[in-house]
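Tertiary structure, described
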Amino acid sequence: LPEGLTCHVTAYEWFASPPCRCAALTVSGTRCLSSGLDSGISSAKYLHLSATAASNCRGDAENDAIAALVNLRFLQVDGLGQAQVPESWAALTELRVLRVRHSMLQEIDATAVASWRKLEQLELVGCPSLQVVPRTVANLPRLHTVALLGSPACEQVQVL
């Protein structure tokens, strides 16, 4: 893998091309997903964008690169430098866990939330600007954990 990408778990799929694929990926340093994904990364189920990578890699191209990982089950972004969870993340329909930490996040896109029907955990930790959590969060059938630590929205959210 190129510098800044670490594959923690490799999955072998007999009929896939290539047969070895990265199932768990960390992006760090100055590396950005939008600078190109090979077929061995595109099937990742776990993605962690470190604070350095998240702050260096912003914009629509990076959001679209994340959204292209449609098999993601776990997404952790440290230091998301955007005010809103991108609409393009609505494509992450297999997502089970979303963790956004130490970010300038102000709101979550309601369309994206509505598409995460399999989401079980939503953790928005250390997001002091978070003001809006859409009502669609309460309609997610598998959601059992919502953590809004260190945000003013924590005081405004009803217990599900």
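Cut-offs used in this document
Residues numbered from 1 in each chain as written. Predicted model: local features only at pLDDT ≥ 70, side-chain atom pairs only at ≥ 80, totals over all residues. Heavy atoms only, no water. Helix = DSSP H or I, 4+ residues; strand = E, 2+ residues; numbered from the N terminus. Contact = heavy atoms within 4.5 Å. Areas by Shrake-Rupley, 256 points an atom, 1.4 Å probe, with all protein chains shown as cover. Core = buried A, V, L, I, M, F, W, Y, C linked by side-chain atoms within 4.5 Å. Buried < 20%, exposed > 50% of the residue type's maximum accessible area, 1.4 Å probe, protein only. Right-handed = clockwise from strand over helix to strand, strands pointing away. Pairing = 2+ DSSP bridges. Salt bridge = Lys/Arg side-chain N within 4 Å of Asp/Glu carboxyl O. pLDDT = per-residue confidence, 0-100.

Here's the deal with the overall build of the chain
The helix and strand tally for the chain stands at three helices and seven strands. Along the chain, helices (α) and strands (β) appear in the sequence β-β-β-α-α-β-β-α-β-β when read from the amino end. Within the chain, residue pairs in contact and separated by at least 24 positions form 43% of the contacts whose partners lie at least 6 positions apart. Accessible surface for the chain amounts to roughly 7,900 Å². Of this, 52% is attributable to carbon and sulfur atoms.

As for the nonpolar core
Of all hydrophobic cores here, the largest spans 35 residues; its most connected members are Leu47, Leu75, Trp89, Leu98, Leu105, Trp116 and Leu124. For this core, the elements supplying multiple residues, two or more each, are strand S2 (20-27), strand S3 (46-49), helix H2 (60-67), strand S4 (74-78), strand S5 (97-101), helix H3 (110-115) and strand S6 (121-125). At three residues, the largest contribution of residues to this core is made by S2. Dropping the residues within four chain positions of it, Leu124 is found in contact with Val100, Leu105, Ile108, Leu130, Ala147, Leu148 and Leu149.

Structural notes on the pairing of S6
Judged by how many residues are buried, S6 sits mostly within the fold: five of five residues are covered. Taking every second residue as pointing to the same face, both faces of S6 are buried, with Gln121, Glu123 and Val125 on one and Leu122 and Leu124 on the other. The parallel pair S5 and S6, bridged by H3, forms a crossover whose chirality is right-handed. Here S6 pairs with strand S7 (residues 145-147) via three bridges, running parallel.

Some thoughts on unusual backbone geometry
Phi at His102 is positive, roughly 50°, even though this residue is not glycine. For His102, the location among the structural elements is in the loop between S5 and H3. A residue is classified by how much of its surface remains accessible, and His102, at 59% relative accessible area, is exposed.

So, the environment of Val85
Here Val85 lies in the loop between S4 and S5. Separated by 24 residues in the primary sequence, Val85 and Asp109 place their C-alpha atoms 5.7 Å from one another.

Brief notes about the pattern of salt bridges
Overall, the coordinates contain four salt bridges when judged by the stated rule. Of the charged contacts in the structure, one is a salt bridge between Glu123 and Arg99, with a shortest N-O distance of 3.1 Å. Placement of Glu123 in strand S6 and of Arg99 in strand S5 is noted, with a sequence separation of 24 residues between them. Notably, a salt bridge pairs Arg101 with Glu123, separated by 3.5 Å at the nearest N-O pair. Placement of Arg101 in strand S5 and of Glu123 in strand S6 is noted, with a sequence separation of 22 residues between them. Looking at Arg101, the relative accessible area reads 26%, which means it is partly exposed. Here the salt bridges do not stand alone but share partners, grouping Glu94, Arg96 and Lys118 into one network.

Some remarks on the confidence of the model for the chain
The predicted coordinates should not be examined in detail at positions where pLDDT is low. Predicted confidence across the chain gives a mean pLDDT of 79, with 71% of residues reaching 70 or more. The least confident element of the chain is helix H1 (residues 51-56), whose mean pLDDT is 61; the most confident is S5, at 94.

Remarks on the environment of Ala83
Mapped onto the elements, Ala83 comes out in the loop between S4 and S5. Among the residues examined, Ala83 registers a relative accessible area of 37% and is labelled partly exposed. The residues touching Ala83, leaving out its near neighbours within four places in the chain, are Met104, Leu105, Gln106 and Glu107.

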